[in-house]
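The lines below spell out each chain.
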Amino acid sequence: MTIDSYKFAGKKAIVRVDFNVPLDENGKITDDTRIRGALPTLTKILKDGGALIIMSHMGKPKGKVNAKYSLSQIVDAVSEKLGVPVQFAPDCAKAADAAAALKPGEVLLLENLRFYPEEEGKPVGIDKEDPAYEEAKKAMKAAQKEFAKTLASYADCYVMDAFGTAHRKHASTAVIADYFDADNKMLGYLMEKEVQAVDNVLKDIKRPFTAIMGGSKVSTKIGIIENLMDKVDNLILCGGMAFTFAKAQGGKIGNSLVEDDKLQLALDIIAKAKAKGVNLVLGCDCIAADKFANDANTQVCADSDIPDGWMGLDAGPKTQAEFKAAIKGAKTILWNGPAGVFEMDNFAAGSKAIAEAIAEATKEGAFSLIGGGDSVACINKFGMADQVSYISTGGGALLEAIEGKILPGIAAIKGE
Ligand code: AMP
C-alpha cells in the first residue's frame, strides 16, 4: 500500500515518526527539523479525514520513565505545527481508551516509546555473559511482540515515517507491521523520499558518479567504501582517514590522525580501486597545524611529508582542486563526512570547497545526496542546504542503507 492510494477517511492511523528533537535545559526545542520532516505525512492523513496516533522515541531513557525525555514537552510545538490541538497519552501502552475516542481530524501523541524496554526489545539489567541471558532475551522478544500488538490495536493502519530509526528492528519501527495486513501498512512521505534518494545513488545511477567519504576514521566507513567501489566512477577519501592512506604508502604524517591497524586495509582499498577502474582521489597536500586548535600555527605540507609534531587538519589547496575536478560534471553525488576539522573555521576550507563544487554540479543537473551526521552540520554551517538535492534525516540508517543493508523498518512494510 502507498500513502497516496490509502483511503484515510474515517480511519485511525498509527504513525511512527522521529520526534527525537534536541531540547535545551528548559525543555525548549532547539532544532525542529525532525518535526517538520514528518509534517507532510501527518497533514495528509488529517486532510483526508483520518485520525492520528503519533508515536516516537526521544533520547535514550533505557526502558525507564524519565521526565527529561518526556514527549509531553513537545505537545505545544506539534499542535502549533499541525494547526490542531494535540492530545497526550502519558502511558503509550495504556492508550486504548484515548485512541478509541479519537474522531476524524483529531490527534493523539503517545508518550516516549522507549520508557518501555519492550520497544527496543533488549533485556535490561542482565549481562550478556550471564548464563540466563539467552532466556531473558527470548522472554523480552515475546514481550516486545505483545507491546507491538498493543500499539497496533489502537489503529486501523500503520504508517512508518521514521527514517532515523529504520535500521532498528524495534516494536514500533518493524515488529508492529506484523499486526497489519499488506493493505493497511505503508511508508510515509519522508521514508519514500529517503528510499528514493538512496535508490538514486545505489540503483538508478546517472554517470559519472562521485562519492565523497570523509570524517575521522576509515574503520567506521569501510562497509560503505566497499559497497560504493562497485558503483562509483570517482571516489574521494578525505578528512582524517586520508592520513592512514598516506602512512600506508610510506608517508611521514607527523601527529596526524591514523589507524595503525588499518594500513593494510588502506593498501587493499587502493588496489581494489585500481582493479575496478575507479578514480580514487586521496589528496596530496594538507593544512598542517602545530596543535589541535583554531588558533594553531599552520603550514601547507605534502600529505606524505608532515613535520614531527604537526598534524594535518584540513585539505590543502592542490587537494581542494583535485576534489573540485572529481566533482565537476558529476551527475550523481554522495557526500558523507567532512574533509577537515570543519568545526574550527580555519580548517573548514576543504569541506567548503566540496560543498561549493557539489552546489555547482547540482545547478548543472546532478542529483546530490548529503547525509550521515557531520556532513549535514557542515552544509548547514556554510548555509548551503538549499543548494543540494537532498539532505538525509538519517545518520546510522542512511549509512547502513548505503552499505547495501536492507533496513528492518522498510522490510517490515515492503516484505523484502
Ligand atoms: P566521523 O564521525 O568519522 O564522520 O568524523 C567526523 C569528524 O572528523 C569531525 O568532527 C571532524 O572534525 C573530524 N575530522 C575531519 N578531518 C580531520 C582531521 N584531518 N583530523 C582530525 N579530525 C578530523
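Per an unreviewed UniProt entry, the protein chain is named Phosphoglycerate kinase, and its organism is Candidatus Paraprevotella stercoravium. Taken directly from UniProt, the Subcellular location (unreviewed entry) text for the protein chain runs: "Cytoplasm". One UniProt comment on the protein chain, placed under Catalytic activity (unreviewed entry), says "(2R)-3-phosphoglycerate + ATP = (2R)-3-phospho-glyceroyl phosphate + ADP".

### Overview of the domain arrangement of the protein chain
On domain assignment, one finds that the protein chain holds domain 1 (12–187) and domain 2 (196–402). Distance from the C-alpha centre of domain 1 to the C-alpha centre of domain 2: 35 Å.

### Overview of the UniProt feature "binding site: substrate" (unreviewed entry) in the protein chain
Here, the residues flagged by UniProt with the feature "binding site: substrate" (unreviewed entry) are D18, F19, N20, R34, H57, M58, G59, K60, R114 and R168. Tracing the backbone shows R34 in helix α1 (residues 33–47). The exposure class of R34 is partly exposed, given its relative accessible area of 32%. When residues no more than four places from it in sequence are discounted, the contact partners of R34 are D18, F19, N20 and V21.

### Re the site of the ligand
As a structural note, the neighbourhood of the ligand is formed by 15 residues, with S216, K221, G312, E343 and D374 the closest of them. S216 has a polar side-chain atom sitting 3.0 Å from an oxygen atom of the ligand. At 2.5 Å from an oxygen atom of the ligand is found a side-chain nitrogen or oxygen belonging to E343. The residue makeup of the shell around the ligand, split by class, is 5 nonpolar, 6 polar and 4 charged.

### Looking at the sheet that holds strand β14 (residues 311–315)
Backbone-to-backbone hydrogen bonds join strands into a sheet, with any given pair of strands oriented parallel or antiparallel. One open sheet accounts for 3 strands, arranged β12-β11-β14; its pairing is antiparallel. Strand pairing shows two members of the sheet lacking a second neighbour, β12 (298–302) and β14, which therefore form its edges. With strand direction ignored, the average angle separating the axes of adjacent strands in the sheet is 45°. Sheet topology note: the strand β11 (residues 285–289)/β12 ladder contains 5 bridges and is antiparallel. The partner of D285 across the bridge, within β12, is A302.

### Here's the deal with the UniProt feature "binding site: (2R)-3-phosphoglycerate" (unreviewed entry) in the protein chain
Here, the residues flagged by UniProt with the feature "binding site: (2R)-3-phosphoglycerate" (unreviewed entry) are R34, R114 and R168. At 2.5 Å, the side chain of R34 forms a polar contact with the backbone oxygen of N20. Among the secondary structure elements, R114 is positioned in the loop between β4 (107–110) and α4 (117–120). The class for R114 is buried, based on a relative accessible area of 7%. Only 3.5 Å separates the side chain of R114 from the backbone oxygen of G59, close enough to count as a polar contact.

### What about the pattern of salt bridges?
Counting across every chain of the model gives 18 salt bridges. E135 is the partner of K138 in a salt bridge, and the nearest nitrogen-oxygen pair spans 3.6 Å. Taken as a pair, K138 and E135 lie in helix α5 (residues 133–153) at a separation of 3 residues, close to a single helical turn. In this structure, the salt-bridge partner of D295 is K291, at a minimum N-O distance of 3.3 Å. The structure contains a network of salt bridges with shared partners spanning D32, R36 and K81.

### Concerning the sheet that holds strand β7 (residues 209–213)
The 6 strands are arranged β10-β8-β7-β15-β16-β17 in an open sheet whose pairing can be described as parallel. Looking along the sheet, the strands with just one partner apiece sit at the ends: β10 (279–281) and β17 (390–391). Two elements, β7 and strand β15 (residues 332–336), share 5 bridges in a ladder whose sense is parallel. Paired with M213 across the bridge in β15 is N336. Seen against the sheet, helix α11 (residues 349–363) touches β7, β15 and β16 (367–370) and runs at an angle of roughly 155° to β15. Contacting β15, β16 and β17, helix α12 (residues 374–381) runs over the sheet at an angle of about 105° to β15.

### Some details on the state of the cysteines
A complete count under the given rule lists 0 disulfides for this structure. Of all cysteine sulfurs, the one in C157 lies closest to C92, which takes part in no disulfide; the gap is 19 Å.

### Some points on unusual backbone geometry
The omega angle of the peptide bond from R207 to P208 is 0°, so this bond is cis rather than trans. Along the polypeptide, P208 turns up in the loop between α6 (189–202) and β7. Although it is not a glycine, K62 adopts a positive phi angle of roughly 55°. Position of K62 relative to the elements: it lies in the loop between β2 (51–55) and α2 (75–82).

What counts, and at which threshold
Residues numbered from 1 in each chain as written. Predicted model: local features only at pLDDT ≥ 70, side-chain atom pairs only at ≥ 80, totals over all residues. Heavy atoms only, no water. UniProt positions renumbered as here; feature names shortened; annotations may be inferred. Domains from an automatic or database assignment. Helix = DSSP H or I, 4+ residues; strand = E, 2+ residues; numbered from the N terminus. Buried < 20%, exposed > 50% of the residue type's maximum accessible area, 1.4 Å probe, protein only. Contact = heavy atoms within 4.5 Å. Near = heavy atom within 4 Å. Polar contact = N/O pair within 3.5 Å; in protein donor to acceptor, adjacent residues only side chain to side chain. Nonpolar A, V, L, I, M, F, W, Y, C, P; charged D, E, K, R; others polar. Pairing = 2+ DSSP bridges. Axes fitted to C-alpha atoms, helices over the stretch in contact; angles between N-to-C directions. Salt bridge = Lys/Arg side-chain N within 4 Å of Asp/Glu carboxyl O. Disulfide = S-S within 2.5 Å.

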